[in-house]
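Each chain, letter by letter, is given below.
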Amino acid sequence: MQDTVTAPAEPLAHVLKRRHLTMLGLGGVIGAGLFVGSGAGIAVAGPGIVLSYLIAGALATLVMRMLGEMSAAMPASGAFSVHAERALGRWAGFSVGWLYWLLLVVVLAVEATGAARIAAGWLPVVPQWGWVLLFMVVFTAANLAAVRTFGEAEFWFAALKVAAIVAFLLIGVAAVLGWLPGREPVGMTNLTGQGGFLPNGWAGVVSGVLAVVFAFGGLEVVTIAAAESDDPARNVARAVRSAVWRILFFYVGSMLVVVALLPWTQMRPGLSPYVMVLDAVGVPAAGQVMDVVVFVALLSALNANLYGASRMVFSLAERGEAPRGLLQVSAGGVPRRAVLASVAFGFASVLLNLKWPDSVFLYLLNSVGAVLLFVWALIAVSQLRLRRRIEAASPESLTLRMWGFPWLTWVALAGMTGVLVLMLREDATRPQVLWSSGVTAAVVAVALLRERRARRVPLV
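Residues numbered from 1 in each chain as written. Predicted model: local features only at pLDDT ≥ 70, side-chain atom pairs only at ≥ 80, totals over all residues. Heavy atoms only, no water.

Comments concerning the side chain of threonine 140
Logical step 1: One can find threonine 140 in helix 7 (residues 128-144).
Logical step 2: Look at threonine 140 and you get buried, because its relative accessible area is 11%.
Logical step 3: Looking at threonine 140, its side chain comes within polar contact range of the main-chain oxygen of methionine 136, at 2.5 Å.
Logical step 4: Residues in contact with threonine 140, not counting those within four places in the same chain, are Leu306, Val339, Leu340 and Val343. (Helix = DSSP H or I, 4+ residues; strand = E, 2+ residues; numbered from the N terminus. Buried < 20%, exposed > 50% of the residue type's maximum accessible area, 1.4 Å probe, protein only. Polar contact = N/O pair within 3.5 Å; in protein donor to acceptor, adjacent residues only side chain to side chain. Contact = heavy atoms within 4.5 Å.)

Quick look at the pattern of salt bridges
Logical step 1: Summed over all chains, the structure comprises 8 salt bridges.
Logical step 2: Residue arginine 450 is joined to glutamate 321 by a salt bridge in which the shortest nitrogen-to-oxygen separation is 2.9 Å. Of this pair, arginine 450 sits in helix 19 (residues 430-456) while glutamate 321 sits in the loop between helix 14 (286-318) and helix 15 (336-355), and the two are 129 residues apart along the sequence.
Logical step 3: The exposure class assigned to arginine 450 is partly exposed, which follows from its relative accessible area of 33%.
Logical step 4: The residue aspartate 427 makes a salt bridge to arginine 430 at a minimum N-O spacing of 3.0 Å.
Logical step 5: By relative accessible area, which is 61% here, aspartate 427 ends up exposed.
Logical step 6: Of the residues examined, arginine 430 reaches a relative accessible area of 28% and is grouped as partly exposed.
Logical step 7: Three or more residues joined by partner-sharing salt bridges are found here, namely Glu69, Arg387, Arg388, Glu391 and Arg401. (Salt bridge = Lys/Arg side-chain N within 4 Å of Asp/Glu carboxyl O.)

Overview of the packing of helix 6 (residues 90-122) against helix 19
Logical step 1: Put simply, helix 6 and helix 19 touch, their axes get as near as 8 Å, and they point 145° apart. Considering only the axes of helix 6 and helix 19, their crossing is right-handed. In this structure, helix 6 contributes Arg90, Trp91, Phe94, Ser95, Trp98, Leu99 and Leu102 to the contact, and helix 19 contributes Val439, Thr440, Val443, Val444, Val446, Ala447, Leu448, Arg450, Glu451 and Ala454.
Logical step 2: Partitioned by chemical class, the residues of the contact of helix 6 with helix 19 number 12 nonpolar, 2 polar and 3 charged. (Axes fitted to C-alpha atoms, helices over the stretch in contact; angles between N-to-C directions. Left-handed = near helix turned anticlockwise from the far one by under 90°. Nonpolar A, V, L, I, M, F, W, Y, C, P; charged D, E, K, R; others polar.)

As for a nonpolar patch on the surface
Logical step 1: A grouping of Trp122, Leu123, Val125 and Val292 is seen on the molecular surface, where their side chains present a nonpolar patch of about 390 Å² in accessible area.
Logical step 2: One can find leucine 123 in the loop between helix 6 and helix 7. (Patch = residues over 30% accessible without salt bridge, like charges linked within 9 Å, V, L, I, M, F, W, Y side chains within 5 Å. Areas by Shrake-Rupley, 256 points an atom, 1.4 Å probe, with all protein chains shown as cover.)

Here we look at unusual backbone geometry
Excluding glycine, residues mostly have negative phi values, and the peptide bonds linking residues are mostly trans.
Logical step 1: That bond from phenylalanine 405 to proline 406 is cis: its omega, 0°, falls within 30 degrees of zero.
Logical step 2: Among the secondary structure elements, proline 406 is positioned in the loop between helix 17 (371-393) and helix 18 (407-425).
Logical step 3: Phi at alanine 79 takes a positive value of approximately 45°, unusual for a residue other than glycine.
Logical step 4: Residue alanine 79 is classed as buried on the basis of its relative accessible area of 1%.

Below is the structure:
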């Protein structure tokens, strides 16, 4: 049996710095879901969306703390897939690895198509499919280059998004306090008017959680990238600590600014509340400015997800759960065949999105709609199993510990179960749970069948 605590040396490059990991954590989760998708949450929760983000952010924080604990003790390119295998068996590592890979390559299509739509609006002479092709080629090349190149590109992408949110917060706070020319302090009017702080009650807050919880997906890539840093155990612990608190500050802080400045009744799904706020305070060309920010956010997420997908499938190949041909590593430590395999499926997803966005691709998107929650649940179960083993074998490797173990881990699991139950009750989200459950069950069935066959192979 493989050692539960120590991991074999990775053949990948170890050149990513702590600043790369920190910004990767921030950049991977700050995307179009925040800048545009948050409007849907405000429309159902009103000012209570602040509480929705606090609840969803707390759940994501607990998951990242668990994942950070395991990754600091056992850094590996497959991160939570490796942890699940060590905790629960090969079937779990196979299942969570392939499910997460499928999630990333399908989401690639959404990000590439969204960025292409914005670019086509700026330069209509180039068709949307042409922009998609350009983006896929550029980011495939970036991921095939040296790992340091990827790290630097993602660092600056994330830095621009962080700078945009910081600028938004500064402008918003100044507007709330009446420090901008021609504006009076807004006080509590928008927070307590139009039905109060919870105009739709706690049911609205819960609906808001469903609308925003998936916006926190992407933080997991930090622990995947940690295996390619110069000091994996220490860097992943620091990156997790800094990223989760900053993201909570950015998300909750910006939402508080939005609902303080504008009546929540003005919010509509599909409209960016950030653009509405900037327009309201008189920022010139607010829509165009936010288009640039969203465009960068989409390309940043595309870049990070392609990286995460390639490392996940590479780790699966290392453990015999994916074709061995994907193990080829360049002189610079890049798993090139794993990158090409991931981008090939991602490009196929893009074509489906362009050709059949409301039929074939919609089914594909629904099939991974709730997968993130299943992955988070396996992370929590793995942490429950591995924590005791690590404490017994090498307690000194627990440089980052889960708070309130094991009670907060169980609280997180209960929260995930609650979100899934609520999704089943909603007509809009029920198909995602049903399709995702079906895909998950199929992947687990294949994993169990493979493990059963492996046990029957006689030892030579």
